[in-house]
Amino acid sequence: MAEVNLGGVYTLVDLVKMMDPANGRLIFVANTLARKNPIVREVPIMEANQILSHVGNRMSQLPTVQKRAINDGVPKSAHKEIPVTAPMSLFETMSQIDEEILRLAGANAGAVRERKDAAFIEAMAQSVADEIIYGSIGDDVLGFNGLATMFNLSTDYPNADSTWYYNVQLGGGSGSDTTSIWVVEWGAEKAHLIYPKGTQGGLEIDDLGKQLVSGVTASTQFVAFVTQFKWRCGLFVQDERCVQRIANIETAGAVNTFDDDMLITALNRTPDMGENPSTRIYVNRTTRTQMDIRVKDKNNVNYVNLADAFGKPVLYFRGVPVQVCDGILNTETAIA
């Protein structure tokens, strides 16, 4: 008998698929939809100074300095600042499992609920990571502008300061099958995530216990175990020099792919030139593969593999960790 698709509801068929018919135990599941998105777990997140947005200042002009002659003075001068405002979004979803499903699961009830909740946590992490990279208020007024929206031209100066270097380098690729590398220097006065004033930062999980919820059929209700998931988040870039993008990297072929020289340039364009311990390089698996192939047959002093705090190997480029972020697409349209 074919399974009826009931949308966002768990059915008895879901329970049967999870249980081993031989012994009634929970079957191991391969999380084939899991993605690597370290950007949501390692980026500093700070409380905003407002409920719906965060306001900071960015220096736009230094004071004037002049040479002074004896018995003469200099004109008064002052620096200038401009306000920078960043909005925030509320990501939310809810897990509802009919109490009868958990009753039939018996001793596995707790594990069944944990597995379902784990899927929601993974979905939430992917949604937040996607927004940090590609979010656009122009496309969704409930979202916030992500890195790709903020830094989408190769002729823009950071902080509108024409004495600095451009934020974006172009890798030479074209079409809609390109990708990007991101170099970000995270910090309180640099770039960081924000959450609304007076709330909780990061993923918030609330076990609401048994609740009377609406059924699939109109005007019906049933009792379910409900878990609520919330993530209040925004992206605040106070100093635009702290974000560097290498765009238009071809995802296939042998030309206009990953270029070591451009990555060195991007690092040197950040304020601390890659020496800040909070600096990260974010690539997707395609670019990471291009990097690995580039260095596998030669002794390149720019690269080193070291173990992190958990003993896992991490690739470093000139001392900066290279993190694989599956949220970075291979289908970006080349920018100008």
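Here, the structure is the one placed above.
## Some details on the overall build of the protein chain
Then, number 1: Scanning the protein chain from N- to C-terminus turns up seven helices and 14 strands.
Then, number 2: Expressed along its principal axes, the backbone C-alpha trace of the protein chain runs to roughly 90 × 55 × 40 Å.
Then, number 3: In the protein chain, buried positions account for 42% of the 336 residues.
Then, number 4: For the protein chain, contacts bridging at least 24 residues in sequence account for 76% of all contacts bridging at least 6.
Then, number 5: If you sum the accessible surface of the protein chain, you get close to 18600 Å²; carbon and sulfur atoms cover 53% of it.
Then, number 6: Looking at charge distribution, the protein chain has the averaged site of its 30 positive side-chain charges lying 4 Å from that of its 39 negative ones.

## Comments concerning empty space enclosed by the protein
Then, number 1: Scanning the model with the defined rule gives one cavity of 30 Å³ or more in all.
Then, number 2: Computed from the structure, the largest cavity encloses a volume of approximately 30 Å³.
Then, number 3: Contributing to the lining of the largest cavity are Gly 171, Ile 181, Ile 246, Ile 249, Thr 257, Phe 258, Asp 259 and Met 262.
Then, number 4: Grouping the constituent residues of the lining of the largest cavity by class yields five nonpolar, two polar and one charged.

## Concerning the nonpolar core
Then, number 1: Judged by nonpolar contacts, the single largest core of 32 residues is most densely connected at Ile 39, Val 40, Trp 182, Val 184, Trp 186, Val 243 and Tyr 282.
Then, number 2: The set of elements that each furnish at least two residues to this core consists of α2 (39-42), α4 (109-134), α5 (147-150), β6 (178-185), β7 (191-195), β9 (221-237) and β10 (243-250).
Then, number 3: Residues in contact with Trp 182, not counting those within four places in the same chain, are Ile 133, Leu 147, Ala 148, Phe 151, Val 243, Gln 244, Arg 245, Arg 280, Ile 281, Tyr 282 and Ile 328.
Then, number 4: Ranked by size, the runner-up nonpolar core spans 19 residues in total, among them Ile 246, Val 295, Phe 317 and Val 320.

## Observations concerning helix α7 (residues 285-295)
Then, number 1: For α7, the full list of buried residues reads Thr 287, Gln 290, Met 291 and Val 295. Buried residues of α7, seen end-on, are gathered within an arc of 120° and therefore sit on one face of the element.

## Looking at the pattern of salt bridges
Then, number 1: Across all of its chains, the model carries 14 salt bridges by this definition.
Then, number 2: Two residues, Glu 99 and Arg 103, come together in a salt bridge whose shortest N-O distance is 3.8 Å. Residue Glu 99 and its partner Arg 103 are both found in helix α3 (residues 99-105); the two are separated by four residues, about one turn of the helix.
Then, number 3: Residue Glu 185 pairs with Lys 190 through a salt bridge whose shortest N-O separation is 2.7 Å.

## Describing unusual backbone geometry
Then, number 1: A positive phi angle is found at Asn 159, which is not glycine, with a value near 60°.
Then, number 2: Checked against the element boundaries, Asn 159 lands in the loop between α5 and β5 (168-170).
Then, number 3: Exposure remark for Asn 159: the relative accessible area of 16% places this residue in the buried category.
Then, number 4: The backbone of Ala 160 sits at a positive phi, close to 60°, despite the residue not being glycine.
Then, number 5: Judged by its relative accessible area of 71%, Ala 160 falls in the exposed class.

## Structural notes on the pairing of strand β13 (residues 313-317)
Then, number 1: Burial analysis of β13 places four of its five residues in the buried class, the great majority of the element.
Then, number 2: Looking at chain direction, strand β12 (residues 303-307) and β13 are connected through five bridges and run antiparallel. For Ala 307, the partnering residue across the bridge sits in β13 and is Pro 313.
Then, number 3: The loop that links β13 with its antiparallel partner strand β14 (residues 320-324) comprises two residues; one of these, Arg 318, has a positive phi angle of about 50°.

## What about the side chain of Gln 228?
Then, number 1: Looking at where Gln 228 falls in the secondary structure, it is placed in strand β9.
Then, number 2: Using a relative accessible area of 15% as the deciding quantity, one classes Gln 228 as buried.
Then, number 3: A polar contact of 2.7 Å, which involves the side chain of Gln 228, links it to the side chain of Glu 92.
Then, number 4: Those residues in contact with Gln 228, other than ones at most four positions away along the chain, are Glu 92, Thr 93, Met 94, Glu 204, Ile 205, Asp 206 and Leu 208.

## Side note on the sheet that holds strand β11 (residues 279-283)
Pairing between sheet strands relies on hydrogen bonds along the backbone, with the strands arranged either parallel or antiparallel.
Then, number 1: What the seven strands build is an open sheet, ordered β5-β10-β6-β11-β14-β13-β12; its pairing is mixed. Where the open sheet ends on each side, the last strands, each with one partner, are β5 and β12. The average undirected angle you get between the axes of adjacent strands in this sheet is 25°.
Then, number 2: Where β11 lies against β14, three bridges are found, and the strand directions are parallel. The residue of β14 that forms the bridge with Ile 281 is Val 322.

## Structural notes on the side chain of Gln 323
Then, number 1: Relative to the assigned elements, Gln 323 resides in strand β14.
Then, number 2: Apart from residues no more than four positions distant in its own chain, Gln 323 is found in contact with Pro 38, Glu 42, Arg 280, Ile 281, Tyr 282 and Val 283.

## Details of the environment of Val 237
Then, number 1: The topology assignment puts Val 237 in strand β9.
Then, number 2: Val 237 gets classed as buried once you look at its relative accessible area, which sits at 6%.
Then, number 3: Sequence separation between Val 237 and Val 168 is 69 residues; the distance between their C-alpha atoms is 15 Å.
Then, number 4: Each residue touching Val 237, except ones within four places of it in the same chain, is listed here: Arg 58, Val 84, Met 150, Phe 151, Lys 190, Ala 191 and Val 243.

Reading guide: rules and limits
Residues numbered from 1 in each chain as written. Predicted model: local features only at pLDDT ≥ 70, side-chain atom pairs only at ≥ 80, totals over all residues. Heavy atoms only, no water. Helix = DSSP H or I, 4+ residues; strand = E, 2+ residues; numbered from the N terminus. Buried < 20%, exposed > 50% of the residue type's maximum accessible area, 1.4 Å probe, protein only. Contact = heavy atoms within 4.5 Å. Areas by Shrake-Rupley, 256 points an atom, 1.4 Å probe, with all protein chains shown as cover. Lys, Arg positive; Asp, Glu negative; His and termini not counted. Charge placed at Lys NZ, Arg CZ, Asp CG, Glu CD. 1 Å grid on protein atoms, 1.4 Å probe; cavity = no way out; pocket = protein on both sides within 12 Å on 5 of 7 lines; lining within 4 Å. Points joined across faces, edges and corners; volume = space filled by probe spheres on them. Nonpolar A, V, L, I, M, F, W, Y, C, P; charged D, E, K, R; others polar. Core = buried A, V, L, I, M, F, W, Y, C linked by side-chain atoms within 4.5 Å. Arc of directions from axis to C-beta. Salt bridge = Lys/Arg side-chain N within 4 Å of Asp/Glu carboxyl O. Pairing = 2+ DSSP bridges. Polar contact = N/O pair within 3.5 Å; in protein donor to acceptor, adjacent residues only side chain to side chain. Axes fitted to C-alpha atoms, helices over the stretch in contact; angles between N-to-C directions.

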